[in-house]
Amino acid sequence: MNNKKISRRNLFKVSAIAGGGLMLKLSFPANALEDGTTTLVKSSELNFYVQIASDGQITIYAPNPEMGQGIKTTLPMIIAEEMGANWDDVEVVLAPIDPAKFGMQGSGGSMSVTRNFDAMRRMGASAREMLIGAASELMEVERRDLKAEASRVIHGSGRSMSFGQLASVAAQQPVPVPEQLSFKDPRSYSIIGTSVGSVDNLVIATGLTKFGIDVDIPGMKFASYTRCPRPGGKAISFNESEIKSLPGVIDAFILQPDARSGKASMAFLDGLAALQGGVAIVGEDTWSVFSAKAKLKVSWDESGASKDQWSKMVTDARAIAVKGGGEVKLAGASVTEALSDGNNRTLEGFYEFPYVAHVCMEPMNCTVDFRKGSAGKPDSLEIWLGSQFPNQVKEIAENMLGVKQENVAVHGLRMGGGFGRRAVHDFAAEAMAISHQSGLPVKLTWTRTDDIHNDYFRVGGFENMKGALSPDGKLAAWDQHYIGFADDKGKRVIGSGLRGNELPMVAFDNARVSQTMMPVATACGAWRAPGSNTNAFVEQSFIHELANLAERDHVEFLTELMGSRRWIKDGDISALNTGRAIDVIKLAAQKAGWGKAMPEGTGLGLAFYFCHAAHVAEVAEVSVDADKNYSVKRVTVAVDVGPIISMSGAINQVQGSIVDGLSTMALQEITMQNGRIEQDNFHQYPVMRIGSTPEIDVHFIQSDNKPTGLGEPALPPLAPAVTNAIFAATGKRIRSMPLSNEGYKLV
């Protein structure tokens, strides 16, 4: 560096070179540097989420795993808005798996927006303040006279500098104190609330997106794994010589069960990823190992295997419903009296819902390269997979193989569907064990049959409902007996049971909730809106039954149950707000034309549900013919999840939930016979065809509450809205899913 005297602006320029080797071409409109020179610096990472290059390209790292819920687009929109960026200047990159930098990197429970909204705003506002600080220094003006807009910092006089010009100096600004940050007025938003395309649309449409199933690494081999058809069984022997002699097969061996892989620091995952006993085949390509898998002849030890049988579960549940009793979760003061009061009208109904599978478009898969340590170096693992909680696989590696977490590298990839299934890493445990035993890098891919048989299913269940109406047609008592399932330790499986804080119990004081748990060995797990996805069907259908018994309008009856407009827990975003509930119910009814004359064989059905901090009401318009062929013509949806971040993304999530809910309600069930799953593939587990998709009309109430997620809460109200509409059209009540078992055909 020469020793000539430099101005303050030059000092920043030269310090940027000496201190960081950054590369940015600085130019100052109407206020050039004293010596007329320009400086090139590389680029500047302002914080762990934002990087600005000298050409003005803004790179934002998206920390949360992407499985189609759009979070890779939504969270960066929040940062870009607060920065004052032009969205066209933004490139979004999926962040590497690094909790030290990015915190808890997970997707589940529709919590990504809720959990990250404030943090993303702080990130964006911090970047903005650093850019404004740089502009203040370089332009020698007061900060208060500057604003960030359209990827530029603009002075009141009209002078401006681009983010790219400011990047290197901005990187040297002190990071703002979070408590001192100010945020944009929502009325000035130019990105939040708009419709933008997913940042991955182009690469998805052109086939360039890399999913887990697309991974290819040097020296990689391919693997299949076959478990005992009855959960809990383990392999004794198999036709080893025959399998190893098949074309393309490198190795084949038995893996014993290993409970160590199931240990998890996340409580809801603890025990779920335990390695199940089975037979692994390693080969040169997927075709070879799948072909060999089809020729396996395994002798299984089934002495401790599941004996689950769905038909027996149904019989037992009906007997329990008649007997009554169960663990009381909520005890209304005078439920029994109201039900036995001769002046009241009473109603009883038994509801049933099946186990269902996730059937993600991309079957479970995982690529693992286990490297045995040598010359003083420890064992290490490198893992590629699509996962909702990718860092959790490091725990499996340490617990099962003894590989320290700091020696495990995880590459999180876009998921071809998750819905809760990719929160459980049993398939990753299998891939790790296979790579470890074979000494080879392997990609394990499940067949569709593996994917169904080895699923962590949405739990089935039963609910016996009783209700009483006062002489004036108001709800006088509510009695709900849930008959569900618990594991071998007596712990309720995910999605089974009630808490007593669901609607209407949470807003109605004379309710009794009880539950009885039956044992189950079949694996159960989170499935899009756990618990809510079945409870909504029961509760919202039975409310409609009571409204019909009272000969009252369903909208009036339902809103009356809400009582006064209030938070059930004051200011708690995760609690029901009866005012928000009433508003979405009335909006959905209005937009659907509630009360209009309907053609014969056509009806409107309403349902509301609150879950995942979202208030959602839906009205389905359904036509039914004499042969029980039914068509869902239109679903009108009203949603209050606070401010919408990505309008197109929000609409997509609601539409996807409607389609998913309709397909599941209409067609899908998993049954067990002596522990064995009876459905093998889509010919036995059908998925709704595109021609049956209804028109979906979505409306948002953009309240000033904190924004919450949309990946799950639009699904639960769909089934009761449709079955209530079928009742309106035909007078026939449906209390069991799927509707195909009741003789109804979706057309």
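Residues numbered from 1 in each chain as written. Predicted model: local features only at pLDDT ≥ 70, side-chain atom pairs only at ≥ 80, totals over all residues. Heavy atoms only, no water.

## Overview of the overall build of the protein
Next up, step 1: Across its full length, the protein holds 18 helices and 28 strands.
Next up, step 2: Taking 2.2 N^0.38 as the reference for a compact globule, 747 residues should give roughly 27 Å; the C-alpha atoms of the protein span a radius of gyration of 29 Å, in line with that estimate.
Next up, step 3: Among the 747 residues that make up the protein, the fraction classed as buried is 59%.
Next up, step 4: Across the protein, contacts joining residues at least 24 apart in sequence account for 75% of those joining residues at least 6 apart.
Next up, step 5: For the protein, the accessible area works out to roughly 29,700 Å², and carbon and sulfur atoms hold 50% of it.
Next up, step 6: Between the centroid of the 74 positive side chains of the protein and the centroid of its 82 negative side chains there is a distance of 3 Å. (Helix = DSSP H or I, 4+ residues; strand = E, 2+ residues; numbered from the N terminus. Rg over C-alpha atoms; globule rule 2.2 N^0.38 Å. Buried < 20%, exposed > 50% of the residue type's maximum accessible area, 1.4 Å probe, protein only. Contact = heavy atoms within 4.5 Å. Areas by Shrake-Rupley, 256 points an atom, 1.4 Å probe, with all protein chains shown as cover. Lys, Arg positive; Asp, Glu negative; His and termini not counted. Charge placed at Lys NZ, Arg CZ, Asp CG, Glu CD.)

## Notes on the nonpolar core
Next up, step 1: Trp478, Phe608, Tyr630 and Val722 are the most contacted members of the largest nonpolar core, which has 80 residues in total.
Next up, step 2: In terms of residue count, the dominant contributor to this core is helix α16 (residues 578-592) (eight residues).
Next up, step 3: Beyond its immediate chain neighbours, meaning those up to four positions away, Tyr630 contacts Val622, Ser623, Val624, Met665, Ala666, Val722, Ile726, Leu739, Tyr744, Lys745, Leu746 and Val747.
Next up, step 4: In this structure, Met120, Leu146, Ala148 and Ala170 belong to the second largest nonpolar core, which totals 46 residues. (Core = buried A, V, L, I, M, F, W, Y, C linked by side-chain atoms within 4.5 Å.)

## A closer look at helix α11 (residues 393-401)
Next up, step 1: Of all the nine residues making up α11, seven are buried; the element is thus mostly covered by neighbouring parts of the structure.
Next up, step 2: Within the span of α11, buried status applies to Val393, Lys394, Glu395, Ile396, Ala397, Met400 and Leu401.
Next up, step 3: The inward-facing, buried residues of α11 abut β15 (365-371), β16 (380-385), β17 (408-412) and α12 (426-438).

## Considerations on the environment of Phe353
Next up, step 1: Assignment of secondary structure puts Phe353 in strand β14 (residues 345-353).
Next up, step 2: The buried category is assigned to Phe353, whose relative accessible area is 0%.
Next up, step 3: When residues no more than four places from it in sequence are discounted, the contact partners of Phe353 are Trp310, Arg458, Val459, Gly460, Gly461, Phe462, Glu463, Tyr482, Thr534, Val538 and Met737.

## Focus on the pattern of salt bridges
Next up, step 1: In the structure shown here, the tally under the stated rule is 41 salt bridges.
Next up, step 2: When the shortest N-O distance is used, the salt bridge between Glu142 and Arg144 registers 3.8 Å.
Next up, step 3: Among the residues examined, Glu142 registers a relative accessible area of 45% and is labelled partly exposed.
Next up, step 4: The salt bridge involving Glu240 is made with Lys244; its shortest N-O contact spans 2.7 Å. Placement of the pair is Glu240 and Lys244 together in helix α7 (residues 240-244), with a separation of four residues, close to one helical turn.
Next up, step 5: Overall, Glu240 belongs to the partly exposed group, its relative accessible area being 34%.
Next up, step 6: Given a relative accessible area of 37%, Lys244 falls into the partly exposed group.
Next up, step 7: When salt bridges that share partners are traced, they join Arg227, Arg421, Asp426, Glu430 and Asp455 into one network. (Salt bridge = Lys/Arg side-chain N within 4 Å of Asp/Glu carboxyl O.)

## Details of empty space enclosed by the protein
Where empty space is left becomes clear once a probe the size of a water molecule has been rolled over the atoms.
Next up, step 1: All chains considered together, the criterion is met by four cavities of 30 Å³ or more.
Next up, step 2: Of the pockets and cavities examined, the largest cavity occupies roughly 80 Å³.
Next up, step 3: As for the largest cavity, its lining consists of Arg458, Trp527, Asn533, Gly661, Thr664, Met665, Leu715, Pro716, Leu718, Ala719 and Met737.
Next up, step 4: Counting residues per element, the ones that place at least two in the lining of the largest cavity are α17 (647-667) and α18 (718-730).
Next up, step 5: For the lining of the largest cavity, the element with the most residues is α17, which contributes three residues.
Next up, step 6: Taken as a whole, the second largest cavity encloses approximately 60 Å³ of empty space.
Next up, step 7: Surrounding the second largest cavity, Pro63, Asn64, Pro65, Leu94, Ala95, Ile97, Gln105, Ser387, Pro390, Gly412 and Leu413 form its lining. (1 Å grid on protein atoms, 1.4 Å probe; cavity = no way out; pocket = protein on both sides within 12 Å on 5 of 7 lines; lining within 4 Å. Points joined across faces, edges and corners; volume = space filled by probe spheres on them.)

## Points about the sheet that holds strand β7 (residues 160-162)
Next up, step 1: Taken in spatial order, the three strands make up an open sheet running β5-β6-β7, and their pairing is antiparallel. Two strands in the sheet have a free side with no partner beyond their single neighbour: β5 (146-149) and β7. On average, adjacent strands in this sheet sit at an angle of 20 degrees to one another, irrespective of strand direction.
Next up, step 2: Bridge count between β5 and strand β6 (residues 152-155): four bridges; the pairing is antiparallel. What sits directly across from Glu149, in β6, is Arg152. (Pairing = 2+ DSSP bridges. Axes fitted to C-alpha atoms, helices over the stretch in contact; angles between N-to-C directions.)

## A closer look at the pairing of β16
Next up, step 1: Here β16 lies mainly inside the structure; six of its six residues are buried.
Next up, step 2: Across the two faces of β16 the burial is the same, with Ser380, Glu382 and Trp384 and Leu381, Ile383 and Leu385 all buried.
Next up, step 3: Direction of pairing for β15 relative to β16: antiparallel, over a ladder of five bridges. Counterpart to Val368 in the pairing with β16 is Ile383.
Next up, step 4: Chirality of the crossover, the property in question, places the unit of β16, α11 and β17 among those that are right-handed. (Right-handed = clockwise from strand over helix to strand, strands pointing away.)

## Some thoughts on the packing of aromatic side chains
Where two aromatic rings form a pair, the distance of their centres and the angle of their planes describe that pair.
Next up, step 1: All chains considered together, the criterion is met by 13 aromatic pairs.
Next up, step 2: Seen in terms of ring centroids, Phe350 and Phe462 are 6.0 Å apart; in terms of plane orientation they differ by 20 degrees. Their pairing is stacked. Of this pair, Phe350 sits in strand β14 while Phe462 sits in strand β19 (residues 461-469); the two residues are 112 residues apart in sequence, bridging distant segments of the chain.
Next up, step 3: By relative accessible area, Phe350 is classed as buried at 14%.
Next up, step 4: Exposure remark for Phe462: the relative accessible area of 0% places this residue in the buried category. (Phe/Tyr/Trp six-rings, centres within 6.5 Å; stacked < 30°, edge-to-face > 60°.)

## Section: the side chain of Thr114
Next up, step 1: Structurally, the position occupied by Thr114 is in helix α4 (residues 112-139).
Next up, step 2: For Thr114, a relative accessible area of 10% gives the class buried.
Next up, step 3: Contacts of Thr114, omitting those with residues within four sequence positions, involve Lys706, Pro707, Thr708 and Gly709.

## Things to note about the confidence of the model for the protein
Next up, step 1: When pLDDT is averaged along the protein, the result is 92, and 94% of the positions lie at 70 or above.
Next up, step 2: This stretch, residues 1-42, has a pLDDT under 50; its non-local contacts, to residues over four places away or in other chains, come to 76 contacts. (pLDDT = per-residue confidence, 0-100.)

## Details of the layout of surface pockets
Next up, step 1: The computed volume of the second largest pocket comes to approximately 280 Å³.
Next up, step 2: Mapped onto the lining of the second largest pocket, the elements with two or more residues apiece are α2 (71-83), α4 and β5.
Next up, step 3: With four residues, β5 is the single largest residue contributor to the lining of the second largest pocket.
Next up, step 4: Across the lining of the second largest pocket, the residue classes tally to eight nonpolar, four polar and six charged. (Nonpolar A, V, L, I, M, F, W, Y, C, P; charged D, E, K, R; others polar.)

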